[in-house]
Amino acid sequence: MAPPAARQRYNANKQENSVSRKPQKKLPNAAVVKKENKKTSTLKKSSVSENISASDKSNVVPSVAFKTFVSARLCSAIWAYISDCDETYNYWEPLNYIINGYGLQTWEYSPQFALRSYTYLLLQGVPGWIYQKIFHPSPVLIFYMIRCMLGFGCAVMERFMYKSICQEFGIHIGRLWLIFQLFSVGMFISSTALLPSSFAMYFGCSALAAWWTKKYPLAIFFVAIAALLGWPFSAIIGLPIALDMLVRKRMFRTFFLWAGISFVTIAIPMIVIDSSYFGKITFAPLNIVLYNVFTSHGPNIFGTEPLSYYLINGFLNFNIVWILALITPIMLIIDYFVVPAKSSSTLNFPRYITLAPFYLWLVVFFAQPHKEERFLFPVYPLISLCGAITVDVFQRIFFRLKTLLVKIKNSSTATHYLDHTMFIAIIIMIISTVTGLSRVFALYRNYHAPMDLMMELSQFKTSTEYRENQIYNVCIGKDWYRYPGSFFFPATNFRLRFLKSEFKGMLPAYYAEGENATQIIHPYFNDMNQEDERMYFPYDDCHFLIDFDEGKYTELEPSYSKRTKDWTIMKSLPFLIQDKSHRIYRAFYIPFLTDNYTSYGSFNLLKRKKMKLS
């Protein structure tokens, strides 16, 4: 049962989209008045009981939705692989340093640049640190505990957003959004990612949900959390909220009061914490904006992509829903002219402002040369929303055309457009769900091997060869960007080492040992993505080696697996070779066909036959 406000909008839409074949007979004026008075008193009594019933049952659907969201996000926490090396090296590795005392450091965490915030890491890291201190679990259990916590937080946001969507956009759109969210590949990837863009999604979309229900102070506070603690560019989501408050509603006092409160309660503690870690006054959100916007090179040195990158990526993550979301403005214009409008709107806001955050985000980030999948994370729930709105518009237009061209049976009483068009929504939901599940299965099947492979090191820890006081060097070459993180090491005496490969960019280095390691400036860090030879480790000192054998070799990237005199294969798992696989069949798993059009190499964990022990 939906909230009373949503039920009123449903009834209003029902009157708007209903047809009646037989005209009612005209009654004498006195009879009309008498009938209306009787009807009014009856409606007053029934409306009270209906509102009470709706209020009592309003928590049923949101609670069920919350359970389904939690289930979906826990599945993501367990089965999703780390798709972005930035998540590993910029967040999981520093977090491993905070919890376990060692980890890799990137140039963004050097006090010389200070682009990343330790405050953000502590929000995720403190529960893991407490878990580690009390129970002393295997590091990988801390990893999955934090992931489950992120998934639960995402489910809380989605529950709040679902209830707000039902109130502002209607029950039907809310339920469509629910289905699209549950089976969205984009949400499967982003919901449990330890990334500021995912954090910005949690609080940015919560801000929109608060705004749609006219909770303005809460909306401002959530935007501040998303922009300051998460990703500063997520402030774009809050621009329509600010315009609504300052231009449309003239709520100057509320806006500036809560903007000030939010800044003081979030930014000041953040500056204090980050300054203590970096050893100097630091405001990380300002630093990252200055680097990305006001430096001569900015982020473009890390790779640029054409516009088609986001278009293809959006389809892979949201399939048909992505296409529907892109055409929503056009469909709303058609809906305005084709479907009769109500005399008074049941919406709190016009659609052009409620959906503005999504399209404003696309305009800004589509124009940037440097494109990454995670840059769209903050507006992923809005893709599902716009897709749901387009489906609803399709249904309304279809019903309108049908009433004009075909006589509807049993139309002596009012009929609702959903009674005749649900097949459209069902078809789109089935297509979206099946395609989404196919993509999720393909991702797990094709790319999950590195995380499974690292688990095998725990077998060595239980063997008689293992020594607690020995540092074991786990080396990696060309596949450095597929490393899932040091949480997958079975103990704190394992270290990742980089072998020289064809990659010529900047690699991370371990935090210095001892106190105040976060305040030390390493001489080999730079913000130009320039290679430094001091990052590489001697091949002969490697105890283990991770190597993807895909059949292509160079002098710097040989087939280590074939050096049988040096290595034995501890574990080998299949991993997709993209160049040798069909782009459709590698993107989506199609039973009985995918295996015929895809090719896999061997992702190997190698163990040196004769270990050099210190």
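Worth saying up front: this structure is predicted, and the values here are computed from it rather than measured. (Residues numbered from 1 in each chain as written. Predicted model: local features only at pLDDT ≥ 70, side-chain atom pairs only at ≥ 80, totals over all residues. Heavy atoms only, no water.)

1. Quick look at the packing of aromatic side chains
Within this structure, the stated rule accounts for 63 aromatic pairs. Residues Tyr-309 and Tyr-310 carry aromatic rings whose centres are separated by 5.6 Å and whose planes lie at 55° to one another, so their mutual orientation is tilted. Look at Tyr-309 and you get partly exposed, because its relative accessible area is 26%. Each ring, one from Phe-315 and one from Phe-588, has its centre 6.4 Å from the other, and the planes form 75°; the classification is edge-to-face. In this pair, Phe-315 sits in helix H14 (residues 308–326) while Phe-588 sits in the loop between helix H22 (583–587) and helix H23 (594–597), placing the two residues 273 residues apart along the sequence. Among the residues examined, Phe-588 registers a relative accessible area of 11% and is labelled buried. Ring pairs connect the aromatic residues Tyr-89, Phe-460, Tyr-466, Tyr-472, Trp-480, Tyr-481, Tyr-483, Phe-489, Phe-494, Phe-498, Phe-503 and Phe-544, which therefore count as one cluster. Its end group placed over the ring of Tyr-510, Arg-495 keeps NZ or CZ at 5.8 Å from the ring centre. Its end group placed over the ring of Tyr-539, Arg-563 keeps NZ or CZ at 5.2 Å from the ring centre. (Phe/Tyr/Trp six-rings, centres within 6.5 Å; stacked < 30°, edge-to-face > 60°. Buried < 20%, exposed > 50% of the residue type's maximum accessible area, 1.4 Å probe, protein only. Helix = DSSP H or I, 4+ residues; strand = E, 2+ residues; numbered from the N terminus. Lys NZ or Arg CZ within 6 Å of the ring centre and 35° of its normal.)

2. As for the pattern of salt bridges
When their charged atoms lie close together, side chains carrying opposite charge are able to pair. Scanning the model with the defined rule gives 18 salt bridges in all. Linking Arg-116 and Asp-86 is a salt bridge whose minimum nitrogen-to-oxygen distance equals 4.0 Å. Taken as a pair, Arg-116 in the loop between strand S1 (104–105) and helix H5 (118–135) and Asp-86 in helix H4 (residues 85–100) lie far apart in primary sequence, 30 residues in all. Per residue, the accessibility class of Arg-116 equals that of Asp-86, and both read buried. Between Arg-374 and Glu-372 there is a salt bridge, with its nearest N and O atoms 2.8 Å apart. Take Glu-372: its relative accessible area is 17%, and that puts it in the buried class. (Salt bridge = Lys/Arg side-chain N within 4 Å of Asp/Glu carboxyl O.)

3. Some thoughts on the pairing of strand S2 (residues 472–476)
Counting buried positions over the five residues of S2 gives five, a clear majority of the element. Of the two faces of S2, the one carrying Tyr-472, Val-474 and Ile-476 and the one carrying Asn-473 and Cys-475 are both buried. As paired elements, S2 and strand S3 (residues 494–498) share five bridges and run parallel to each other. Across the sheet, the residue bridging to Cys-475 is Arg-497, located in S3. (Pairing = 2+ DSSP bridges.)

4. Digging into the pairing of strand S5 (residues 544–549)
Counting buried positions along S5 yields six of six residues, so the element is predominantly enclosed. Taking every second residue as pointing to the same face, both faces of S5 are buried, with Phe-544, Ile-546 and Phe-548 on one and Leu-545, Asp-547 and Asp-549 on the other. As judged from the three bridges shared by S2 and S5, these two strands associate in the parallel manner. Opposite Ile-476, over in S5, you have Ile-546 as the bridge partner. Across six bridges, S5 lies against strand S7 (residues 600–608) in antiparallel orientation. Across the sheet, the residue bridging to Ile-546 is Leu-605, located in S7.

5. Some thoughts on the sheet that holds strand S6 (residues 567–576)
Taken in spatial order, the five strands of this open sheet run S3-S2-S5-S7-S6, and their pairing is mixed. Pairing within the sheet leaves two strands with one partner each, and these edge strands are S3 and S6. Each strand of the sheet is rotated relative to its neighbour by a mean of 25°, with strand direction disregarded. Seen against the sheet, helix H19 (residues 418–447) touches S6 and S7 and runs at an angle of roughly 155° to S6. (Axes fitted to C-alpha atoms, helices over the stretch in contact; angles between N-to-C directions. Contact = heavy atoms within 4.5 Å.)

6. As for the UniProt feature "transmembrane region" (unreviewed entry) in the protein chain
When the UniProt feature table is mapped onto this chain numbering, "transmembrane region" (unreviewed entry) sits at residues 141–161, 182–212, 218–243, 255–273, 315–337, 349–367, 379–399 and 420–444. The distance separating the terminal C-alpha atoms of residues 349–367 is 28 Å; by composition the span is 79% helix and 0% strand. Across residues 420–444, helical content stands at 100% and strand content at 0%; the span's end C-alpha atoms are separated by 39 Å. (UniProt positions renumbered as here; feature names shortened; annotations may be inferred.)

7. Remarks on the state of the cysteines
Disulfide: a covalent bond formed between the sulfur atoms of two cysteine residues. If you walk through the whole model with that rule in mind, you get one disulfide. Two residues, Cys-475 and Cys-542, share a disulfide whose sulfurs are 1.9 Å apart. Classification of the bridge connecting Cys-475 and Cys-542 rests on its S-S torsion, roughly -95°, and on that basis the disulfide is left-handed. Taken as a pair, Cys-475 in strand S2 and Cys-542 in the loop between strand S4 (509–510) and S5 lie far apart in primary sequence, 67 residues in all. Here the two residues Cys-475 and Cys-542 agree in accessibility, since each one is buried. (Disulfide = S-S within 2.5 Å.)

8. Concerning the environment of Ile-320
Relative to the assigned elements, Ile-320 resides in helix H14. A relative accessible area of 25% means that Ile-320 is categorised as partly exposed. Residues Ile-320 and Ser-432 lie 112 residues apart in sequence; the distance between their C-alpha atoms is 6.3 Å. Residue contacts for Ile-320: discarding those within four places in its chain leaves Phe-315, Ile-428, Ile-431 and Ser-432.

9. Description of the packing of helix H17 (residues 356–366) against helix H18 (residues 380–405)
Contact geometry of H17 with H18 gives a least axis separation of 9 Å together with a crossing angle of 120°. By the criterion of interaxial angle, the relationship of H17 to H18 is oblique. When the axes of H17 and H18 are compared, the crossing they make is left-handed. Facing H17, whose interface residues are Pro-357, Phe-358 and Tyr-359, H18 presents Leu-382, Ile-383 and Cys-386. Each residue belonging to the contact of H17 with H18 can be placed in one class, and the counts come to six nonpolar, no polar and no charged. (Parallel < 35°, antiparallel > 145°, perpendicular 65-115°, else oblique. Left-handed = near helix turned anticlockwise from the far one by under 90°. Nonpolar A, V, L, I, M, F, W, Y, C, P; charged D, E, K, R; others polar.)

10. Let's talk about the nonpolar core
Counting 163 residues, the largest nonpolar core has Trp-212, Phe-358, Leu-385 and Phe-494 as its most contacted members. Considering every element that reaches this core, the biggest residue donor is helix H6 (residues 139–169), with 14 residues. When neighbours within four sequence positions are excluded, Trp-212 is seen to be in contact with Met-161, Ser-164, Ile-165, Glu-168, Phe-169, Asn-348, Phe-349, Thr-354, Leu-382 and Leu-385. Counting residues in hydrophobic clusters, the runner-up holds eight residues, among them Tyr-539, Leu-545, Trp-567 and Leu-606. (Core = buried A, V, L, I, M, F, W, Y, C linked by side-chain atoms within 4.5 Å.)

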